[in-house]
Amino acid sequence: MVRSEGDDGLKTIEADVVVCGGGPAGVNAAIAAGRGGARTVLIERYGFIGGMSTAALVYPWMTFHTLQGKQVIKGIAQEIVDRLTAMNGSPGHLRDTVGFTNTITPYHPEMYKVLAVDMLKEADVKLLLHSMMHEAYTEGGRIESVRLATKSGKIDVKGKVFVDATGDADLANLAGAPCLQGREGDGLTQPMTMKFRMRGVDLARVKRYMLEHPDEFYGKTPFDELERLPLSGVLGFFKHWKQADLPINRDQVLFFTGPESDEVLVNTTRVQGLNGLDVEDLTEAEELGRKQVLMVANFMTANLPGFEKASISNVGAQIGIRETRRIDGQYALQAEDVVQGRRFADAIARSGYPIDIHDPSGKGVKAAWVQGDGAYDIPYRCLLPQGIDNLLAGGRCISTSHEALATTRLTPSCMATGQAAGTAAGLAARWGIKPGELDVDLLRQELAAGGAVVE
């Protein structure tokens, strides 16, 4: 890593690979690039790692498996789970008692923050927290550097290859790469959710009520196994929610248990019609989301069995964002690719999570499950933007349709595409070529050697 300071006091850092965004995709991208020998910098705007997983309390991670139970996401993502399990920071993969997927993966967000930094250090990645990227300098279709605004002044970070793991395609947009937002027609995006935790929940009482009133819960709940399964998630309480008639455009209660034995993560608020890329809309969303948290928590303690003594223990540092801007890449994954379980010769990741669209304007959730062997491929071309030769995307902002984004946006999938983007960036930097010129077979071999599932 080369560091310098010019006569004007502007600090400069030079690296091989520059990763923007320290969420699950960016962390895995930086680790992959660093392990491959690239001088790597990871830039994050918050004072901690984890992105939506830690800032917005997105929990649990879902899913590493197909609906039939076959694991299709491994690599660095699975290593993180294994190391968290060894720290008592995760029970590993549990059956999903909501029944929407086969497994979910609870984790302790504070332990994840620490572990991620440890793994970045082990890979010799330079981490810059409290750093807001606000400019990109390009020349001849290449990014030369990004400029950061920090407490210690402006910093220019130069690189050979860049990875956009911002979730919002911020770097791609600043560099002039074409991007898309929302669904076709009206551009509306999936709603935002302010997630929060409650402690003091009697989960045994919740489970008893479910077993006694199965008609009040999601139809795919595995009631035939529920007696012997640890309760990991609950979707329903239809009667209670309908009677409450809260001014929230949703039709049911959703929460997941853990990481503590009396704790749940509530995913029930819903803020619609606002743009996650507009600062005034985001300000309004934060206000509305926090008001909804108090409303939902009061409803739960007053009405739901098992919540009589519960109270709010934590609220997201920011509202959770499902969808904003994404790159318009060399290939856009389509809904039919997902549903048909399509295979691609340039696959760099797989996923078994179904299409899961939280309605941008209505109450419900539209789902479509993956056919075939239960998993679909994500092609390398989805990581490659148009117009910028030394940029890759990883995570939520890869190239997809609005509908396909509703599966690729999930954390394990973001971890997998992040590892792929970081691996490709490292190889391209080492060989002095554009990411689009990489031999995809060699990339796939490198990913497989790193434990990733590519076929």
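Everything here concerns the structure above.
Residues numbered from 1 in each chain as written. Predicted model: local features only at pLDDT ≥ 70, side-chain atom pairs only at ≥ 80, totals over all residues. Heavy atoms only, no water.

J.: Quick rundown of the overall build of the protein chain? Include the residues and the values.
T.: Check the secondary structure of the protein chain and you find 13 helices and 23 strands. Its C-alpha atoms give the protein chain a radius of gyration of 21 Å, near enough to 23 Å, the size a compact globule of 455 residues would have. The C-alpha extent of the protein chain, read off along each of the three principal axes, is 70 × 45 × 45 Å. Within the span of the protein chain, comprising 455 residues, buried residues form 60% of the whole. Of the contacts formed within the protein chain by residues at least 6 apart in sequence, a portion of 70% connects residues at least 24 apart. Within the structure as shown, the protein chain displays about 17,200 Å² of accessible surface, and the carbon and sulfur contribution to it stands at 47%. The average position of the 48 basic charges and that of the 57 acidic charges among the side chains of the protein chain differ by 3 Å. (Helix = DSSP H or I, 4+ residues; strand = E, 2+ residues; numbered from the N terminus. Rg over C-alpha atoms; globule rule 2.2 N^0.38 Å. Buried < 20%, exposed > 50% of the residue type's maximum accessible area, 1.4 Å probe, protein only. Contact = heavy atoms within 4.5 Å. Areas by Shrake-Rupley, 256 points an atom, 1.4 Å probe, with all protein chains shown as cover. Lys, Arg positive; Asp, Glu negative; His and termini not counted. Charge placed at Lys NZ, Arg CZ, Asp CG, Glu CD.)

J.: How would you explain the packing of helix H1 (residues 24–35) against helix H12 (residues 411–431) if you had to name every residue and give the values?
T.: How two helices sit against one another is set out by the angle between their axes and by the gap between those axes. Here H1 crosses H12 at 30°, and the two axes come no closer than 7 Å. In terms of orientation, H1 lies roughly parallel with respect to H12. The handedness of the crossing between H1 and H12 comes out as right-handed. Residues Pro-24, Ala-25, Asn-28, Ala-29, Ala-32 and Ala-33 of H1 pack against Thr-411, Cys-414, Met-415, Gly-418, Gln-419, Gly-422 and Thr-423 of H12. For the contact of H1 with H12, a count of residues per class yields 7 nonpolar, 6 polar and no charged. (Axes fitted to C-alpha atoms, helices over the stretch in contact; angles between N-to-C directions. Parallel < 35°, antiparallel > 145°, perpendicular 65-115°, else oblique. Left-handed = near helix turned anticlockwise from the far one by under 90°. Nonpolar A, V, L, I, M, F, W, Y, C, P; charged D, E, K, R; others polar.)

J.: Explain the pattern of salt bridges residue by residue, including any values.
T.: Counted according to the given criterion, the structure contains 27 salt bridges. Among the ionic pairs, Glu-308 bridges to Arg-205, the shortest N-O distance being 3.1 Å. A residue pair is termed long-range when its members are at least 10 positions apart, and Glu-308 in the loop between helix H9 (279–303) and strand S17 (311–315) and Arg-205 in helix H6 (residues 203–212) qualify at 103 residues. Looking at Glu-308, the relative accessible area reads 44%, which means it is partly exposed. Assessed through its relative accessible area of 34%, Arg-205 is described here as partly exposed. (Salt bridge = Lys/Arg side-chain N within 4 Å of Asp/Glu carboxyl O.)

J.: Any details on the sheet that holds strand S14 (residues 233–236)? Residues and values, ideally.
T.: The strand order across the open sheet built from 5 strands is S14-S15-S16-S13-S17, with neighbouring strands paired in antiparallel fashion. Whereas interior strands pair on both sides, the edge strands pair on one side only; in this sheet they are S14 and S17. Here the strands of the sheet are splayed against their neighbours by 25° on average, with no regard to which way each runs. Relative to strand S15 (residues 253–257), S14 runs antiparallel, the two being bridged by 4 bridges. Across the sheet, Leu-235 pairs through a bridge with Leu-254, a residue of S15. Running at roughly 30° to strand S13 (residues 196–199), H9 makes contact with S13, S15, strand S16 (264–266) and S17 of the sheet. (Pairing = 2+ DSSP bridges.)

J.: So, H6: which residues are in play, and what are the values?
T.: Those residues of H6 that sit buried are Leu-203, Val-206, Lys-207, Tyr-209 and Met-210. The buried residues of H6 occupy one face: seen down the axis, they fall within an arc of 160°. Buried-residue contacts for H6 involve helix H7 (223–226), S14, helix H8 (238–244), S15 and S16. Between a side-chain oxygen at the N-terminus of H6 and the backbone nitrogen of Ala-204 the separation is 3.3 Å; the capping residue is Asp-202. (Arc of directions from axis to C-beta. Polar contact = N/O pair within 3.5 Å; in protein donor to acceptor, adjacent residues only side chain to side chain.)

J.: A description of the environment of Ala-244 should follow, citing residues and the corresponding values.
T.: Tracing the backbone shows Ala-244 in helix H8. Taking the relative accessible area as the measure of exposure, Ala-244 reaches 30% and is therefore partly exposed. Sequence separation of Ala-244 and Gln-78 is 166 residues, and the distance between their C-alpha atoms is 41 Å.

J.: I'd love a proper account of the pairing of strand S19 (residues 347–351), names of residues and values included.
T.: Burial within S19 is extensive, with 5 of its 5 residues counted as buried. With 4 bridges connecting them, S19 and strand S22 (residues 376–379) associate as antiparallel partners. Of the residues in S22, the one forming a bridge with Ala-349 is Ile-378.

J.: Which residues make up the packing of aromatic side chains, and what values go with them?
T.: With the rule as written, the count across this model stands at 14 aromatic pairs. Ring centres of Phe-237 and Phe-255 lie 6.5 Å apart, and the angle between their planes is 20°; this geometry places the pair in the stacked category. Placement of Phe-237 in the loop between S14 and H8 and of Phe-255 in strand S15 is noted, with a sequence separation of 18 residues between them. Here Phe-237 and Phe-255 have matching classes, each one buried. Over the ring of Phe-48 we find Lys-113, and its NZ or CZ is 4.3 Å from the ring centre. (Phe/Tyr/Trp six-rings, centres within 6.5 Å; stacked < 30°, edge-to-face > 60°. Lys NZ or Arg CZ within 6 Å of the ring centre and 35° of its normal.)

J.: Give me the lowdown on the side chain of Asn-267, citing residues and values where you can.
T.: Within the element layout of this structure, Asn-267 appears in the loop between S16 and H9. A relative accessible area of 6% places Asn-267 in the buried class. One polar contact links Asn-267 to Arg-322, side chain to side chain, over a distance of 3.4 Å. Residue contacts for Asn-267: discarding those within four places in its chain leaves Thr-193, Lys-195, Arg-250, Leu-254, Phe-255 and Arg-322.

J.: Tell me about the nonpolar core, residues and numbers included.
T.: Within soluble globular proteins, side chains that are nonpolar generally end up buried alongside one another. Residues Val-146 and Tyr-380 are the most contacted members of the largest nonpolar core, which totals 107 residues. Sort the elements by how many residues they give to this core and H12 lands first, with 10 residues. Apart from the residues within four sequence positions on either side, Val-146 is in contact with Val-18, Ile-43, Met-133, Glu-135, Ala-136, Ile-155, Asp-156, Val-157, Phe-162 and Leu-171. Phe-237, Ile-248, Val-253 and Val-293 belong to the second-largest nonpolar core, a separate cluster that totals 36 residues. (Core = buried A, V, L, I, M, F, W, Y, C linked by side-chain atoms within 4.5 Å.)

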